[in-house]
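Read off the chains here:
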Amino acid sequence: MSERVKANKKSPAPVAAAKAEAALPALGPLGMLRWAWTQLTSMRTALFLLLLLAVAAVPGSLFPQRPANPFVVTQYIKDNGDYGKLLDTLQLFDVYSSAWFSAIYILLFISLIGCVVPRAIAHYKAMRSQPPRTPKRLSRLPEYGTLVVPADAGLPASDAINSAAGLLRKRGYRVEVRDDDGARPSLGAERGFAKEVGNLVFHTSLIGVLVSVAIGGLFGYSGQRILVEGDTFVNTLVGYDQFTPGTNFQSSQLQPYSIQLDKFDVTFDRESPGKFGQPIDFNAQVTTKETPDAPAKQETLKVNDPVTLGGTSIYLTGNGYAPVVTIRDGAGNVAMQGPVVAKLQGENYYSSVVIKVPDARPEQLGFVGFFLPTAFITDAGISFSGDPDLFNPQLTLNSYFGDLGLDNGAPQNVFELDVKDLTPLNNRNLAAGGITLAPGSTYTLPDGKGSISFDGVKRYVGVDIHHNPGQVSALIFALLAVAGLIVSLYVNRRRVWVRTGTHADGRTMVEYGLLARGEDHRLAAEAQSIRKLLTEEWQLAADDGDAGGGSDAGVSDPGVSDPAGAADSVPTQQTPSRQGHNGADSVTIPTGSAGPTKDQ
Amino acid sequence: MPFVINETMGAYSELLMLLAAGTYTVAFIAFAWDLAKSSKVLRAVDLKAAEAAGTVAGTKVPVAAGVGASAGTSLDAGAGANRVDSHLAGPAGRAERPSSSAAKQAGAGSAAGRTADADMRYAGERRVPARVAVALTVLGVLIHGAGVVTRALGAGRVPWGNMYEFLTTGAFVAVAVFLLVLIRRDLRFLGTFVVGLAIIMLVAASVAYWTPVGHLVPALQSYWLVIHVSIAVMSSALFTLTFAMSALQLVQSHRQKTIAGGGADKLGFMRLVPSALSLENLSYRINAIAFIGWTFTLMFGAIWAEKAWGRFWGWDTKEVWTFVIWVVYAGYLHARATRGWTGTRAAWLSIVGYLCVVFNFTIVNQFFNGLHSYSGL
Ligand code: HEM
């Protein structure tokens, strides 16, 4: 793999060869597989898949999505005819579970695994091996400098290398000293292995996040329930109004805890001009029991502040009013008594009410209408709610009698009444008119069909109940990923080499070079720090930065000439190869090369 | 009863925002003046230098021929040695990123058509208009900061709960981050862009999104609002800087190519701007910080979503776009390490990423319905 990459770079011919190889893989099935694997785990493929993933995620925000809004999707398809159906065939209403979206991220993660595993092995080996051999020409490294220890300092070349090794070790480098007692001892040092480790942790953790999400999808469940003040929810399948099990859900997973809504308070904004009446606090007092026999516990349930119970979390997601009514039938018996959940329709809790009374005799009764917490009627006779609070509660209803169609067992939406087969009793167009009730009042239905009383108003809350077993591990992996990311971006992997030699006149000549792997904008600063450390350790005269500019053409190039001999031409300590930056901003154009240049 | 809204404070805040916008406008003019003036001066200096060079070296073309050679070798030596073993461990097609040290070598010698320092440190002659502009921007940001603080005091909470506040606070953070970066790096060439953007944001806030001080809806009453949104705004401010730098990088690299090919330099003011490679390197570093910030934004958003809605991820429109932005910038970071994708292509990714940020902030907030519809519209 690496060979081919290098070959690609050198000349176009091998590229063509590689392409030909790609086009006609006369490689046999195994070779083909290997070829495909190499392609899939290449950096370019990873990048391509990442970008593709970004693009593929977009349609999910443009079209309504089934998991979030099933009804909107149905309506959308209805409204858009063939176009809607086409979109549906393309799974554009289920983008995030669609075949194509899944294909992209599964390929991406296979590529990821194919990347991470070999890199982890390679890195493990690298961490256990010695720093690479000392290059012949240190001066070609991006950071390079020399030091000269006077002869009378009594620091022979081998001592100098060992002392440098000690300093670098203290700085966190792994150091190997070579040719310790030879004429030109050197050392290789490396640090920053954590960078690659961080990168591997990051990528591996992403797999962890994905697996956690999958576990949540398999074993989790969620459901909804509406609780009127006084109601109790018991965590069993029948307790839910709506229930969405994960793929591998078993009903034995449900712990039969209970939660009772004692009281629900809403605070409305009474100060801000533009937002008068906007709710600013929802507060539900609940009594919970972990198991049927456990002691009761008082808790508060708020938005952004769920209650956790029996391995689930319970969230406050909605609320409204539930007018309490008593309905007597034609026979004079109480056919129904209790709160009716009113469904929010408009501003200020303008809500719709549907009451079905299947127990009424001789005829079943049905009511449809509205509840308004603060009723106002315009001159045109249109009623609206003037405030979300209960200043002037009013129930306006039409009534019907007949067969509600509930007896055949077909499920019905409790918030809708199909009046097709019913006979109207009360509405605006009939002589009897509609029903308008204030709390405490009773209305007698025409024709002796019974009566309805509006006894008072309670509040209700909608709660979402979720169990997601993958959640904690998703969080842990996400945190690991960020930690890995930060390490991989901010630890620098660096190598340092130092070589020493003794000049004919007894001076010890030292040269060093630094190389970064990957992006490292602080390499120059590191070179300077190391130079400073060595200077202090060997008590050399502090060098003054730019002193060495100019005649460095022949600076020790051990690969070519003896460092001792070459150093003859060095008038002073040679400065690091960092060039004069401040000069670079000047407006003159350097006609020659300014500052020290590298030898070629 | 919770905190009582203070409308006087709110009124002060709005006044301060307008004052800040006014100050920025003057600063903007000064920044623009700086660009215009400097490009003229630089051209004159260049001409003179070219003449001098012509008489000395006998050539009239002020192209530093040495650049290519010296930069080339240092790259080869450095990166070459790197490549050998990095590929033993890396996936196919992995590139050595154009490193800063290489840029530095190129920067020092290269003088053809460029003046700004590769490291973007302060140096060289004093640019009076630029100094005036920066001073005015500092004044503006102080007034602006006072506006943000009075808004917070008036509402008794963090000032980022609706579009008006996102815009005013966001503009403040963008300018403040820019000024903070200015302490270390000479990015004054970005002044017109950043200050111009702040003006647009303030004007849009006051004209299109004006909202009086008020309480937060219960869904937003969480300390996660403080954490999640503040990190999002700061990351976006950084992305703003890198967007500008990447855009300039594209222009600069085009210009450099033109000049290298012997073409005429039509964009004189770009002399104030560092080389394409230096821009790429610095914007990479800023993008890396911003990417970490965005990762936190995403994560904290997920934690908050879990607290508020019972699921940490539900592909809500806002979540989708936050994810898209994250993936695009992850792509950018990858591109910088992929052969054939560094330089211009990476810059395009950075630009696309920022366009997604803007889209997420404007269009998604305004026109897409989702759980995140808190824009206060
Ligand atoms: C879920 C998909 C992926 C995401 C979100 C992702 C994200 C990232 C990020 C943010 C970085 C930056 C860290 C750094 O620069 O040090 C990175 C680096 C890297 N990624 Fe990925 N990655 C993904 C998949 C892959 C795959 C499939 C491969 C293998 C082909 C891969 C190989 C690499 C490599 C080699 C680096 C280091 C580049 C360097 O030298 O800095 N990544 N990735």
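Everything numeric here is computed off the predicted structure, so don't read it as measured data.

Student: How would you summarise the overall build of chain B if you had to cite specific residues and measurements?
Tutor: In terms of regular secondary structure, chain B is built from ten helices and zero strands. In chain B, the order of α-helices and β-strands from amino to carboxyl end is α-α-α-α-α-α-α-α-α-α. Taken across its 377 residues, chain B has 62% of its residues classed as buried. In chain B, 82% of the contacts between residues at least 6 apart in sequence involve partners at least 24 apart.

Student: Explain a nonpolar patch on the surface residue by residue, including any values.
Tutor: All names here are of chain A. Together, Trp37, Ile106, Leu107 and Ile110 give the surface a local cluster of nonpolar side chains, amounting to about 340 Å² of exposed area. Ranked by residues supplied to the nonpolar patch, first place goes to helix 7 (residues 99–128) with three residues. In this structure, Ile106 sits in helix 7.

Student: Residues and numbers for the sheet that holds strand 5 (residues 232–234) of chain A, please.
Tutor: Residues and elements named next belong to chain A. Ordered by their spatial adjacency, four strands build an open sheet running 5-7-8-9, and the pairing between neighbours is antiparallel. The outermost strands of the open sheet, each flanked by one partner alone, are strand 5 and strand 9 (297–301). On average, each strand axis in the sheet is inclined to that of its neighbour by 30°, with strand direction left out of account. Inspection of the sheet shows strand 8 (residues 279–289) paired to strand 9 by five bridges, in the antiparallel sense. Each residue of the ladder has a partner; that of Thr287, found in strand 9, is Gln298.

Student: Any chance you could break down the coordination of the iron atom of the ligand for me, citing the residues and the numbers?
Tutor: Distances from the iron atom of the ligand to its protein donors, His203(A) (NE2) and His334(B) (NE2), fall within 1.9 Å. Coordination at the iron atom of the ligand is octahedral, judged from the six donor atoms that bind it and the angles of 72 to 178° they form at the metal. With His203(A) in helix 9 (residues 193–219) and His334(B) in helix 9 (residues 317–335), this residue pair bridges two chains.

Student: Describe in detail the confidence of the model for chain A, supporting the description with residues and values.
Tutor: Averaged over all residues, the pLDDT of chain A equals 82, while 85% of them reach at least 70. The least confident element of chain A, judged by mean pLDDT, is helix 13 (residues 581–584) of chain A at 34; the most confident is helix 10 (residues 471–490) of chain A at 94.

Student: Describe the packing of helix 7 of chain A against helix 9 of chain A, naming the residues involved and giving the relevant values.
Tutor: Residue and element names in this part refer to chain A. Put simply, helix 7 and helix 9 touch, their axes get as near as 10 Å, and they point 150° apart. Looking at the two axes, helix 7 sits roughly antiparallel to helix 9. Crossing angle aside, the handedness with which helix 7 passes helix 9 is left-handed. Here Tyr105, Phe109, Leu112, Ile113, Val116, Arg119, Ala120, His123, Ala126 and Met127 of helix 7 lie close against helix 9, whose contacting residues are Phe193, Glu196, Val197, Asn199, Leu200, His203, Thr204, Leu206, Ile207 and Leu210.

Student: Break down the environment of Asp241(A) for me, with residues and values.
Tutor: Residue and element names in this part refer to chain A. Its location among the elements puts Asp241 in the loop between strand 5 and strand 6 (242–245). Sequence spacing of Asp241 and Ala483 is 242 residues, and the spatial spacing of their C-alpha atoms is 42 Å. Residues in contact with Asp241, not counting those within four places in the same chain, are Gln224, Arg225 and Ile226. Of the polar contacts made by the side chain of Asp241, one reaches the backbone nitrogen of Ile226; its length is 2.8 Å.

Student: Provide a residue-level description of the sheet that holds strand 1 (residues 143–149) of chain A, including the pertinent values.
Tutor: Remark on secondary structure: sheet strands pair via backbone hydrogen bonds, oriented parallel or antiparallel. Residue and element names in this part refer to chain A. Pairing is antiparallel across the open sheet formed by five strands, whose spatial order is 1-24-23-3-2. Taken across any chain shown, the strands that pair with only one partner, and hence form the sheet edges, are strand 1 and strand 2 (174–178). Strand-to-strand twist of the sheet, defined as the mean angle between neighbouring strand axes without regard to direction, takes the value 15°. Against the sheet, helix 9 engages strand 2, strand 3 (186–191), strand 23 (493–502) and strand 24 (508–517), with an angle of about 165° to strand 23.

Student: Please provide a residue-by-residue account of the pattern of salt bridges, values included.
Tutor: Enumeration over the complete set of coordinates arrives at 25 salt bridges over all chains. Here Asp418(A) and Lys420(A) are joined by a salt bridge, their closest N and O atoms 3.2 Å apart. Close ionic contact of Arg157(B) with Glu165(B) constitutes a salt bridge, the shortest N to O distance being 3.0 Å. Arg157(B) sits in the buried class, given a relative accessible area of 15%. Of the residues examined, Glu165(B) reaches a relative accessible area of 0% and is grouped as buried. Connected via shared salt-bridge partners are Arg270(A), Asp387(A), Asp389(A) and Arg459(A).

Cut-offs applied
Residues numbered from 1 in each chain as written. Chains lettered and ligands numbered in written order. Predicted model: local features only at pLDDT ≥ 70, side-chain atom pairs only at ≥ 80, totals over all residues. Heavy atoms only, no water. Helix = DSSP H or I, 4+ residues; strand = E, 2+ residues; numbered from the N terminus. Buried < 20%, exposed > 50% of the residue type's maximum accessible area, 1.4 Å probe, protein only. Contact = heavy atoms within 4.5 Å. Patch = residues over 30% accessible without salt bridge, like charges linked within 9 Å, V, L, I, M, F, W, Y side chains within 5 Å. Areas by Shrake-Rupley, 256 points an atom, 1.4 Å probe, with all protein chains shown as cover. Salt bridge = Lys/Arg side-chain N within 4 Å of Asp/Glu carboxyl O. Pairing = 2+ DSSP bridges. Axes fitted to C-alpha atoms, helices over the stretch in contact; angles between N-to-C directions. Donors = N, O, S within 2.8 Å, 3.2 Å for Na, K, Ca; no water. Tetrahedral: all angles 85-135°; square planar, octahedral: opposite > 155°, others 65-115°. pLDDT = per-residue confidence, 0-100. Parallel < 35°, antiparallel > 145°, perpendicular 65-115°, else oblique. Left-handed = near helix turned anticlockwise from the far one by under 90°. Polar contact = N/O pair within 3.5 Å; in protein donor to acceptor, adjacent residues only side chain to side chain.

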